Number of protein chains: 2
Amino acid sequence: MLTVSTVNVNGLRAAAKKGFVEWLGETGADIICMQETRAEPEQLTAEVREPEGWHTNLAPSSAKGRSGVAIYSRAEPQAVRVGFGSSEFDDSGRYLEADFAGLTVASLYLPSGEVGTDRQDEKERFMKEFGEYLAGLRERATSQGREVLVCGDWNIAHQEADLKNWKANRKNAGFLPEERSWMTDVLNGGYVDVVRSLHPEGPGPYSWWSYRGKAFDNDSGWRIDYHFATPGLADRATSAVVERAPTYAERWSDHAPVTVTYAR
Amino acid sequence: MLTVSTVNVNGLRAAAKKGFVEWLGETGADIICMQETRAEPEQLTAEVREPEGWHTNLAPSSAKGRSGVAIYSRAEPQAVRVGFGSSEFDDSGRYLEADFAGLTVASLYLPSGEVGTDRQDEKERFMKEFGEYLAGLRERATSQGREVLVCGDWNIAHQEADLKNWKANRKNAGFLPEERSWMTDVLNGGYVDVVRSLHPEGPGPYSWWSYRGKAFDNDSGWRIDYHFATPGLADRATSAVVERAPTYAERWSDHAPVTVTYAR
DNA sequence: CTTGGTAGG
DNA sequence: CCTATCAAG
């Protein structure tokens, strides 16, 4: 059994003060993919930087306080790689890969974008480049008998069931037709949306609720945090849960951990 | 009887959330001079912007979130003037005057400075220009049978008794020889340091304690908030108190109100 | 250590 | 609404 969690922590330092440390102590996960750590390793306290029983690998952004991904694992990875071979994005704290026995796990933080801004252009450039990388990654892995699991915050809701208010969001970044069809292409290229595969019925489960307004209390969420796995691994998924906090006050991020257990 | 308080609120919005509103409701002051309001009037809630029973006059800085002075009074001022005729400083939220019957009250926020920086040069320019203004103000007022009271954060400790650790601060902004002698010149020009006059024995009473370290708990403070009054008014001062909060947690600013009662 | 602005989400 | 950086104090 292998349990993998992915969670956008929205600032690891802030999360640590609000309950992340307790969650880390109690989780049954073997591997945790984090996004938006928003910190240099040196800025973290020891209990977050080097928690007992964990191997930690962090890929901060070259822009201080922005983005940043990490992979924490109980077993030591055989290898770790930062970035996906992109001159534009490799130092932006958006992609980190770790190899374990027969399995490559990645932590992804796809740019969030906003229609009509430079950041949407950036998101599109990332999607194009990263989509090509994903295809190659799957091919190499498959030919080596290795499975691939790309976890993270993709900042795209794929289908209507993946966000509470899809009609109002058809022209908003995160649910644009071109973003959705890009994600369809990724899936058609040999990846499985593990949570949706185990829970074919929507709506949800959502993994992100805006801090604005009453989004959390109204469960006005989006499912933008995914496990995308090669089919051999996806077939071994036995359970998937979104660890939504019971109350607003108990949250330590605007995202909830998405946790999947895979049979060995 | 006329009671006048002066207090650097260190952000009126922050202070309002921490106890300023309660203090305003309980104070016996007739006039309050404030410094570092750090807000546009429109950014304030109604209970702070227009508290019942008060006439409020604010002089924000043209630089958002910086400086800003105000005068709140139970009686409506006969006239209010922003600035002291300085092209450099009049829109910087550092000086506001209000006329009452036979009395001009001013709220001053003198630049704070730091040795070896541009901001110390700015402080020195302000001191020079403002010192000349003060002399003229006193002359005009006296010739009209009017008293003057300049309250505020002068960002200078005058004498050794005016700060806890004067020896260590002889080369620091706020206790430099040139700043101290400038203040002596102001006093020799016809103003009285009212609190020191009522409390000739130091050390203290301090009116500011840094948020850094344990300054408040150790009473490692500075007396930099003053009532400078023309002699006729200073002679009528009957009591002076610094309203130091009982505990760190009860503070709503790093400064405490300096409150003086004047006989009629 | 604290405030408020600002960028980013 | 929340997390950061930054300038200022």
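Residues numbered from 1 in each chain as written. Chains lettered and ligands numbered in written order. Predicted model: local features only at pLDDT ≥ 70, side-chain atom pairs only at ≥ 80, totals over all residues. Heavy atoms only, no water.

## Some remarks on the overall build of chain A
Link 1 in the chain: From N to C terminus, chain A includes seven helices and twelve strands.
Link 2 in the chain: What you see for chain A is a C-alpha radius of gyration of 17 Å, in line with the 18 Å of a compact globule of 264 residues.
Link 3 in the chain: Each principal axis of the C-alpha atoms in chain A carries an extent, and together these give about 45 × 45 × 35 Å.
Link 4 in the chain: Of all 264 residues assigned to chain A, the portion counted as buried reaches 54%.
Link 5 in the chain: Total accessible area on chain A is roughly 11700 Å²; 47% of this is exposed by carbon and sulfur atoms. (Helix = DSSP H or I, 4+ residues; strand = E, 2+ residues; numbered from the N terminus. Rg over C-alpha atoms; globule rule 2.2 N^0.38 Å. Buried < 20%, exposed > 50% of the residue type's maximum accessible area, 1.4 Å probe, protein only. Areas by Shrake-Rupley, 256 points an atom, 1.4 Å probe, with all protein chains shown as cover.)

## Remarks on the protein's contact with DNA strand D
Link 1 in the chain: The environment of DNA strand D is formed by 20 residues, the closest being K18, R38 and Y248 of chain A together with R119 and R212 of chain B.
Link 2 in the chain: A breakdown of the atoms of DNA strand D within 4 Å of the protein gives sugar and phosphate a share of 76%.
Link 3 in the chain: S112 of chain B is positioned such that a nitrogen or oxygen atom in its side chain is 3.4 Å from a sugar or linking oxygen of DNA strand D.
Link 4 in the chain: R212 of chain B is positioned such that a nitrogen or oxygen atom in its side chain is 3.0 Å from a base nitrogen of DNA strand D.
Link 5 in the chain: Considering only residue class, the surface near DNA strand D consists of five nonpolar, five polar and ten charged. (Near = heavy atom within 4 Å. Polar contact = N/O pair within 3.5 Å; in protein donor to acceptor, adjacent residues only side chain to side chain. Nonpolar A, V, L, I, M, F, W, Y, C, P; charged D, E, K, R; others polar.)

## Here's the deal with the sheet that holds strand 2 (residues 31-35) of chain A
Residue and element names in this part refer to chain A.
Link 1 in the chain: Taken together, six strands build an open sheet; the order of strands is 3-4-2-1-12-11 and the sheet is mixed. In the strand order of this sheet, the two ends are held by strand 3 (55-59) and strand 11 (237-242), each with one partner. Neighbouring strand axes in the sheet, compared pairwise and without regard to direction, differ in orientation by 15 degrees on average.
Link 2 in the chain: By the bridge criterion, five bridges tie strand 11 to strand 12 (residues 258-262) in an arrangement that is antiparallel. (Pairing = 2+ DSSP bridges. Axes fitted to C-alpha atoms, helices over the stretch in contact; angles between N-to-C directions.)

No statement about biological role is implied by the geometric values presented.
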